[in-house]
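As a plain string of letters, each chain reads:
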Amino acid sequence: MYMAYGWPQVIPLELPNCASTQQIVYLKVVNRLLLVVCPTHLELWSSSQHRVRLGKYKRDAESIRREGENLQAIWSPDTKLIAILTSSFYLHIYKVQFTEKKILIGGKQPTGLFLANVSLLLGEQVPFANNNLTVSNLICDNKHMLIGLSDGSLYNISWKGEFCGAFSPAVLPNSTIIANKLSHHLGNGLPSVGVQAVGGSNHVNHVVSQTRAIVHLEFSITLRLLFVLFSDGELIQCSVSKRGLKHAESILVERSLGSGEAVCASVAPEQQILAVGTRKGTVELYDLADSASFMRSVSLHDWGYCAEDTGPVKCIAWTPDNSSFAVGWKLRGLTVWSISGCRLMSTIRQIGLSSVSSPVVKPNQDLKYEPMMGGTSFMHWDEHGYRLYAIEERSSERIIAFSFGKCCLNRGVSGTTYARQVIYGEDRLLIVQSEDTDELKILHLNLPVSYISQNWPVLHVAASRDGMYLAVAGRHGLILYDIRLKRWRVFGDITQEQQIQCQGLLWLGKIVVVCNYVDSSNTYELLFYPRYHLDQSSLLCRKQLLTKPMVMDVYQDYLLVTYRPFDVHIYHVKLAGQLSPSSTPDLQLSTVRELSIMTAKSHPAAMHFIPDQLPREHTLRSDIASSSDLLTREPARCLILRMNGELSLLDLDDGREIELTHSVELFWVTCGQSEEKTNLIEEVSWLDYGHRGMQVWYPSPGVDPFKQEDFLQLDPELEFDREVYPLGLLPNAGVVVGVSQRMSFSACTEFPCFEPSPQAQTILHCLLRHLLQRDKREEALRLAQLSSEKPHFSHCLEWLLFTVFDAEISSQNSSKNQAAGANHTTTLLEKTCDLIRYFPEYYDVVVSVARKTDGRHWADLFSAAGRSTELFEECFQRRWYRTAACYILVIAKLEGPAVSQYFALRLLQATLDESLYELAGELVRFLLRSGREYEPTNTDSDRDSPRFLGYFLFPSSFRKQPQDAKTSTSFKEQSAHVASVKSILQSHASYLMSGKELSKLVAFVKGTQFDLVEYLQQERYGSARLDNFASGLEMIAQKLHMGTLQSRLDAEFLLAHMCSVKFKEWIVVLATLLRRSEVLFDLFRHDLRLWKAYNITMQAHPAFAEYHDMIEELDEKLSSAVDVEES
């Protein structure tokens, strides 16, 4: 797994000299060297820790004019020769020689880099130069190179500059290629081997000439496979014999691949997978080990981007370990995918999730900060996979280098724990901080400069079983990191450090095991160091190995070492003495088992012991134990993950191997790995991840505990988002930790910063369901109680009940007549409800699941969960009114409308008492709907509910309310329960109005849509009456707190309603508080007696002094108005 981090770096290139094109010709990274070929020159750079230009060759103007610009290029496998074909079909072969001139950085530190001389060995025109042909890219082996021509033939050239002629490969008798699809048109008089199709009667049928241009070649030396891509999109696979590319008869066509829309291809030799890019922008994966069968395709369609946005695929680059691949498109961007289809990194900004909302790039869009905005022409990973070098389309001025970190996936010789999630880059570690699972964070831990500067890059990382110690190895030596103390431990003796070339790391309790390569004798050995001291004097043991190990693993004090082709050796580690600096412990290894397995399957990528799952009280102490009963508990099985993704179980007693599943990318053995009492995944044997998502494996209680149909349980809800790649587990939280890419943009940088973002996904519901299925109710309850304080516990219980209930519904729909099966699932549903009932979240969980399922199945759910009225009553008594309200619809469905109306009326009164007006409004609407007596109001609510500002600007837009209360527009007729609703609302409104709780009154009216205008008309001389203006103004000023915005809005709302019913007492009070002089002026100009009384009252009370300026202004306006009227 590869995840981008940090800002992309730029390697500047020399500008081309009078080139007609700005397109880079070739890019390749080999042996810490980077070669880039431009139209008029080539440059050789160091791709190691220090990116320095080591040499270049610049062609002169006369050479460019006479022989043309560089068109195609190839680098020999030994990096000593470079072949370039020019646009005028001249072949140039250059020689690379390193001088003795060292390069120093900063004038102090030697880098181990030397300047290089690039010289021209030969330049000669190729024989097909005058045939008006176009050419494909070049491919090569150690002695020869091939180039595809537009006449459908392949041309062979040796690295010595010998032109060996053109040919077309021959067709195998069992080939799937139709013979007449291959071209036999050579037309240049050069020696060739014709394309042949051998029939069943052994007659040779010559092919009819048909010209198709070869546009791309892909060659794998390891697999000895050549792929030829034609201009019409057809891709053919050819086998190459051990004789290499020199002999035409050694290249035979085997089959045709793809959908006929191929534009490029790339081979992953270790995984034996072919990736084919298409015109539609998708990448198709083919399994070469299985007759090139189609596996899957990946694209950006699910992220809202189609071929019109990205263009066709331009290039594909596999990571060095073949676990991921980068895809570059012609028009825009590049993306890195895992082999299972998880999108690990993308330069394309996420705009939307559908093609309608996102992607077409318009010229005026400001997307200058997006890398590779103009498309990607070339990509190549460095040899360790820490950097992806990319060149933008139509760019010849720079190379963009993206930094990547790799995840410790516990493969090969190195082993680590799933409890500590680590991504390691070339000079740093990215550690997931998981103290609080609500917010996981990434910590960047830089390695000590004194170590990494001499031993760049990081090659191996392993975390101890408890995740508190990290072992890190570079080119030489080893360093340890204590996460608790935040302290590094290094070798004190540099000489000892340089003698270690680590090939793998393991933790054996408090001991770190190093697989070391001894250069002088070309042998491999195991070194055992205590974590408290890295020194030759503290070396506990040195074990010579037979040859280079392929896979290693450790469990407690058993060590597994596997050699090629498949020889398994298991050692028992015995430690005598105390493991401490003050003592001299002695460690001995004894061989307890050796197996040599003959198989035609692919090589193992990882192997892990499967311990016997014992009760907790029988687990050992964390240190290496020396008791005699260990031999009786030696692991008898181990899991094998092969290079092709096949997961199988190996019985170490008889060597029998059982295939479990396929297309697996990684797995974690969880049983017997943790001794903490809070471990939530004790019941799980292991988990695996592949393109199907996450799979959880449980031990089976049957006769054969590893029978696949009983053992595997696939949880579809554990399918990770295809942007989130799982890194490990947090056993104490019951979650899977994954990581996804985020980009942060800054105005001061050209490119965004790539930030790995950790994500958590719970598996608690899967574990609880598994325990309940096996009738382990006490264990399930204990596990749930351990998890009750964890984040998202309620969500886990809801998922548990939902998945169990959904499974019952599905089983009923599929087999209604199988009573036994139905009873079984019903029993599981009852057990699930019984478990959740122990927790206060029970009532929320049950009704939430009901709301997510079809109402037709509610009876089945509540037959197990309890009667809906009883659940409502319990919520009501606990004052959980929101949860109780959710049960009203269920009661209406199961018990009938009359019962639901009764409970809703009770709940309505309670919610009003608690001032839960939004909830009360929902209950009112339910009650009016349920009696079918409710007449929906006009959808244009603005015309029916006056607005406080709009009334004074547009008074005619509000219709007058009828004076007769019996003709209310809210109700069609007064049925019993509708009358009850109205009575409850009016009583509450009277209670609020009597206490002058005006803010609550406004919230009540807005939440319940109560007809305040009708109520004011009825209660003008009742509860709404103001007996005394002065005391009323003082009281309402205290209640409303006019200094806050919300109180002013409430006052405006009430003022608008009072104006609509011409309630003068309230209008005067509210307009005064709001200082709405225009409203007061409009009122007083028609009633001067009211103005005089108002003026005398306001002047007489010192508390109203703040309004004197407004009164003076009103006095002037009214006097002017009176003068105007008199005149």
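Residues numbered from 1 in each chain as written. Predicted model: local features only at pLDDT ≥ 70, side-chain atom pairs only at ≥ 80, totals over all residues. Heavy atoms only, no water.

### Overview of the nonpolar core
Step number 1: Grouped together as the largest cluster of nonpolar side chains are 167 residues, with contacts concentrated most on Met1, Phe402 and Phe1004.
Step number 2: For phenylalanine 402, the residues in contact, after removing those within four places along its chain, are Pro8, Leu334, Met345, Thr347, Pro371, Met372, Tyr386, Arg387, Leu388, Ala390 and Phe754.
Step number 3: Counting residues in each nonpolar core, the second largest holds 40 residues, with Ile84, Val118, Leu149 and Ile157 among its members. (Core = buried A, V, L, I, M, F, W, Y, C linked by side-chain atoms within 4.5 Å. Buried < 20%, exposed > 50% of the residue type's maximum accessible area, 1.4 Å probe, protein only. Contact = heavy atoms within 4.5 Å.)

### Some thoughts on the state of the cysteines
Step number 1: One pass over the full model with this rule turns up zero disulfides.
Step number 2: Cysteine 766 carries a free sulfur, and the closest cysteine sulfur to it, the one in cysteine 796, is 9.0 Å from it. (Disulfide = S-S within 2.5 Å.)

### Notes on the sheet that holds strand 36 (residues 460-463)
Step number 1: Within the open sheet, the four strands sit side by side as 36-37-38-39. Their pairing is antiparallel. Lying at the two open borders of the sheet, with one neighbouring strand each, are strand 36 and strand 39 (487-489). Across the sheet, the axes of successive neighbouring strands diverge by a mean angle of 20°, strand direction being ignored.
Step number 2: Here strand 38 (residues 479-482) runs beside strand 39; their pairing, made up of three bridges, is antiparallel. Along strand 39, the bridge assignment pairs tyrosine 481 with tryptophan 488. (Pairing = 2+ DSSP bridges. Helix = DSSP H or I, 4+ residues; strand = E, 2+ residues; numbered from the N terminus. Axes fitted to C-alpha atoms, helices over the stretch in contact; angles between N-to-C directions.)

### Comments concerning the side chain of threonine 376
Step number 1: Tracing the backbone shows threonine 376 in strand 30 (residues 376-381).
Step number 2: In this structure the side chain of threonine 376 is engaged in a polar contact, spanning 3.2 Å, whose partner is the backbone oxygen of glycine 333. (Polar contact = N/O pair within 3.5 Å; in protein donor to acceptor, adjacent residues only side chain to side chain.)

### Concerning the pattern of salt bridges
Step number 1: Tallying each qualifying case throughout the model produces 46 salt bridges.
Step number 2: With its nearest N and O atoms 2.4 Å apart, the salt bridge here joins arginine 722 to aspartate 302. Here arginine 722 is found in the loop between strand 55 (712-714) and strand 56 (725-730), whereas its partner aspartate 302 is found in the loop between strand 25 (293-298) and helix 2 (307-310), with 420 residues between them in sequence.
Step number 3: Residue arginine 722 is classed as partly exposed on the basis of its relative accessible area, which comes to 42%. (Salt bridge = Lys/Arg side-chain N within 4 Å of Asp/Glu carboxyl O.)

### Structural notes on the side chain of glutamate 634
Step number 1: Secondary-structure assignment places glutamate 634 in the loop between strand 48 (604-610) and strand 49 (637-642).
Step number 2: Taking relative accessible area as the criterion, glutamate 634 reaches 13% and is therefore assigned buried.
Step number 3: Within polar-contact distance, the side chain of glutamate 634 engages the side chain of arginine 593 at 3.0 Å.

### Considering the environment of glycine 148
Step number 1: Tracing the sequence through the fold places glycine 148 in strand 12 (residues 144-149).
Step number 2: Distance from glycine 148 to valine 135, taken between C-alpha atoms, is 5.6 Å for residues 13 residues apart in sequence.
Step number 3: If we ignore the near neighbours within four places in the chain, the residues touching glycine 148 are Thr134, Val135, Ser136, Asn137, Ser153, Leu154, Ile214 and Leu217.

### Describing the packing of aromatic side chains
Step number 1: Counted under the stated rule, the structure contains 32 aromatic pairs.
Step number 2: A ring pair is formed by tyrosine 842 and tyrosine 843, whose centres lie 5.5 Å apart and whose planes are at 75°; its orientation type is edge-to-face. Pair check on accessibility: tyrosine 842 and tyrosine 843 agree, each one buried.
Step number 3: Note that lysine 1006 overlies the ring of phenylalanine 1053, its terminal NZ or CZ placed 5.1 Å from the centroid.
Step number 4: In this structure, arginine 1020 is placed above the aromatic ring of phenylalanine 1063, and the distance from its NZ or CZ to the ring centre is 4.9 Å. (Phe/Tyr/Trp six-rings, centres within 6.5 Å; stacked < 30°, edge-to-face > 60°. Lys NZ or Arg CZ within 6 Å of the ring centre and 35° of its normal.)

### Concerning helix 7 (residues 777-787)
Step number 1: Turning to helix 7, its buried residues number three or more, namely Ala780, Leu781, Leu783, Ala784 and Ser787. Around the axis of helix 7, the buried residues are gathered within 165° of arc, so they sit on the same side. (Arc of directions from axis to C-beta.)

### As for the pairing of strand 22 (residues 262-268)
Step number 1: Burial analysis of strand 22 places six of its seven residues in the buried class, the great majority of the element.
Step number 2: Bridge count for strand 22 against strand 23 (residues 273-278) is six bridges, and the pairing is antiparallel. Residue pairing in the sheet places valine 267 in a bridge with leucine 274 of strand 23.

### Some thoughts on the packing of helix 11 (residues 858-865) against helix 13 (residues 881-894)
Step number 1: Look at helix 11 against helix 13: their axes get within 11 Å of each other, and the N-to-C directions meet at 110°. The orientation of helix 11 with respect to helix 13, classified from their angle, is roughly perpendicular. Residue-level contacts link Trp858, Ala859 and Phe862 of helix 11 to Tyr887, Leu889, Val890, Lys893 and Leu894 of helix 13.
Step number 2: Within the contact of helix 11 with helix 13, the residues separate by chemical class into seven nonpolar, no polar and one charged. (Parallel < 35°, antiparallel > 145°, perpendicular 65-115°, else oblique. Nonpolar A, V, L, I, M, F, W, Y, C, P; charged D, E, K, R; others polar.)

### Digging into helix 6 (residues 764-773)
Step number 1: Of all 10 residues in helix 6, nine are buried, a share of seventy percent or more.
Step number 2: All of the buried residues in helix 6 are Leu764, His765, Cys766, Leu767, Leu768, Arg769, His770, Leu771 and Leu772.
Step number 3: Where helix 6 ends, the next residue or the one after it, aspartate 775, has phi of about 60°, a positive value.

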